[in-house]
Amino acid sequence: MNITLVAGARPNFMKVAPIIRAIQQAQRDNKNITYRLVHTGQHYDKKMSTEFFEQLSIPEPDINLGAGSGTQAEQTAVIMMRFEKELIENKPDIVLVVGDVTSTMACAITAKKLCIDVAHVEGGLRSDDMAMPEEINRIVTDSISDHFFTTSKMADENLIKSGIESQRIHFVGNTMIDTLYQHLNKLIEPRICKEQNLTSGKYFLITLHRPNNVDNPAKLKELLDYILKGSEGFPVVFPVHPRTQKVLADIAYAHERLIQTDPLSYLEFIYLIKNSRAIITDSGGITEESTVLGIPCMTLRNSTERPETVTVGTNILIGTDINNLENHLKNLQQNIWKKGAIPELWDGKTSQRIVSKLISLYGGKNI
Ligand code: UD1
């Protein structure tokens, strides 16, 4: 069988890396399985893309569609036009898309219109917040995919509720956690740790990049002021996403305890999570990583598409009422936090399960 694997933006890279490893293992086991890796080019910087490929040992993509920056409609259109050409020239048995970024949706639509099967890795997640572009990407992708590889039973239920037959839903766990386990013994201490005298358990880590948190300068300033007030006495490390960088530069935000850096590489960022006192974020993936690493996490959103990080893991939904943050930060100052556990099947073997399932569905007989 031939698979076309799509990766476009930073959070996709951690999800495709272990799937490629699992395919390579199946090839060594003489299974008849090949893949083409398509990078859409949605993220293209060294910091947002190249370093991830290097650190996660992802092979050079077979093609880069060079989508680049633009509005979401522009990115979607460019990706669809170029991916269509790629699929016509190299028709696979199935296209595998991961996550919920613009590239995920654009490539799923393109494949389906060419009558090529689509499997969605991380299908079934729902935040029920239609103001998030990712929620639209999830709903559109799931509405046309043929197979769904899910990270939780809740995701399965969401798919069943939307009318999808259970035989097409495969609860396999979380490929991002495969990557986490595969790299835990290779973490790299970022330069800022020495430069800023950061010690384990004695700093906060924050990430903010959601349009509704960062695009409005006044809102971003308010959020940062609040976080800094609540984290009294501790440095706050802030690797700044390019989207946020532009707004921060406009308002020239600075604070003596706020340590701003460029986006960090994967191995550096996980090092920072693992050694932080707590994380304050609006990302989804980071809530999963902090759950597995047992680090307290506060999410600055009203909803999450990853509820198991709250019900099972270390994550707490703060919402957009900033006063909630203060109460939780006070608890943390007294070391009061739930311990959390690791969600079912987040065991580092998800990608093997995905590849085995694909082989059983599409053939991959010994050669
Ligand atoms: C995208 C995803 C989001 C994911 C995030 C992780 C969508 C709708 N959103 O959001 O789910 O959590 O990636 O990073 O797909 N830029 C650079 N260099 C790059 C890439 C982008 O400078 O390599 C700049 C762009 O010019 C743009 C901004 O960053 O101004 C946003 O990039 P974009 O890919 O449009 O969306 P993200 O906000 O990164």
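This text gives an overview of the structure that appears in the document. (Residues numbered from 1 in each chain as written. Predicted model: local features only at pLDDT ≥ 70, side-chain atom pairs only at ≥ 80, totals over all residues. Heavy atoms only, no water.)

Points about the packing of aromatic side chains
Part 1 of the argument: Evaluation of the coordinates by the stated rule reveals three aromatic pairs.
Part 2 of the argument: Judged by centre distance (6.4 Å) and plane angle (50°), the rings of Phe13 and Phe52 are tilted. Pair noted here: Phe13 is in helix α1 (residues 10–28) and Phe52 is in helix α2 (residues 46–55), with a separation of 39 residues, a long-range link. The burial state of Phe13 is the same as that of Phe52; both residues are buried.
Part 3 of the argument: With 5.7 Å between their ring centres and 75° between their planes, Phe204 and Phe234 make a pair best called edge-to-face. Separated by 30 residues along the polypeptide, Phe204 in strand β8 (residues 204–207) and Phe234 in the loop between α10 (217–230) and β9 (236–239) bring together distant segments of the chain.
Part 4 of the argument: Accessibility expressed as a relative area gives 1% for Phe204, which makes it buried.
Part 5 of the argument: The structure contains a cluster of three or more aromatic residues connected by ring pairs, namely Phe13, Phe52 and Phe53. (Phe/Tyr/Trp six-rings, centres within 6.5 Å; stacked < 30°, edge-to-face > 60°. Helix = DSSP H or I, 4+ residues; strand = E, 2+ residues; numbered from the N terminus. Buried < 20%, exposed > 50% of the residue type's maximum accessible area, 1.4 Å probe, protein only.)

What about the environment of Ser303?
Part 1 of the argument: Tracing the backbone shows Ser303 in the loop between β12 (297–299) and α14 (308–311).
Part 2 of the argument: For Ser303, a relative accessible area of 17% gives the class buried.
Part 3 of the argument: The spacing of Ser303 and Ile318 is 15 residues in sequence and 9.1 Å in space, taken between C-alpha atoms.
Part 4 of the argument: Ignoring any residue separated from it by four or fewer positions in sequence, one finds Ser303 in contact with Ser127, Asp129 and Leu317.
Part 5 of the argument: Side-chain polar atoms of Ser303 contact the backbone oxygen of Ser127, separated by 3.2 Å. (Contact = heavy atoms within 4.5 Å. Polar contact = N/O pair within 3.5 Å; in protein donor to acceptor, adjacent residues only side chain to side chain.)

Re the side chain of Thr40
Part 1 of the argument: Mapped onto the secondary structure, Thr40 falls in the loop between β2 (34–39) and α2.
Part 2 of the argument: Classification of Thr40 as buried rests on a relative accessible area of 0%.
Part 3 of the argument: Separated by 3.3 Å, the side chain of Thr40 and the backbone nitrogen of Gln42 make a polar contact.

Notes on the side chain of Ser351
Part 1 of the argument: Structurally, the position occupied by Ser351 is in helix α16 (residues 350–362).
Part 2 of the argument: For Ser351, a relative accessible area of 2% gives the class buried.
Part 3 of the argument: In terms of polar contacts, Ser351 uses its side chain to reach the side chain of Asp178, at 2.6 Å.
Part 4 of the argument: What Ser351 contacts, discounting residues up to four positions off in sequence, is Pro18, Ile19, Ala22, Thr175 and Asp178.

A closer look at the sheet that holds β2
Part 1 of the argument: A sheet is described by the order of its strands in space; here seven strands give the open sequence β3-β2-β1-β4-β5-β6-β7, paired in parallel fashion. Single-partner strands in this sheet number two, and they are β3 (63–64) and β7 (169–171).
Part 2 of the argument: Judged from the three bridges that link them, strand β6 (residues 147–150) and β7 form a sheet pairing that is parallel. By the bridge assignment, Phe149 is partnered in β7 with His170. (Pairing = 2+ DSSP bridges.)

Quick word on the packing of α1 against helix α7 (residues 175–183)
Part 1 of the argument: As a packed pair, α1 and α7 sit with axes 7 Å apart at the nearest point and diverge in direction by 75°. In terms of their interaxial angle, α1 and α7 are classed as roughly perpendicular. Seen from α1, the contacting residues are Met14, Lys15, Ala17, Pro18, Ile19 and Arg21; seen from α7, they are Thr175, Met176, Asp178, Thr179, Gln182 and His183.
Part 2 of the argument: Among the residues making up the contact of α1 with α7, the classes are represented as five nonpolar, four polar and three charged. (Axes fitted to C-alpha atoms, helices over the stretch in contact; angles between N-to-C directions. Parallel < 35°, antiparallel > 145°, perpendicular 65-115°, else oblique. Nonpolar A, V, L, I, M, F, W, Y, C, P; charged D, E, K, R; others polar.)

Some points on the packing of helix α12 (residues 266–275) against helix α13 (residues 285–293)
For any two helices packed against each other, the geometry comes down to the angle between their axes and how far apart the axes lie.
Part 1 of the argument: Look at α12 against α13: their axes get within 10 Å of each other, and the N-to-C directions meet at 55°. When the axes of α12 and α13 are compared, the pair comes out oblique. For the crossing formed where α12 meets α13, the hand is right-handed. Residues Tyr266, Phe269, Ile270, Ile273 and Lys274 of α12 pack against Ile286, Glu289, Ser290 and Leu293 of α13.
Part 2 of the argument: Looking at side-chain class alone, the contact of α12 with α13 contains six nonpolar, one polar and two charged residues. (Left-handed = near helix turned anticlockwise from the far one by under 90°.)

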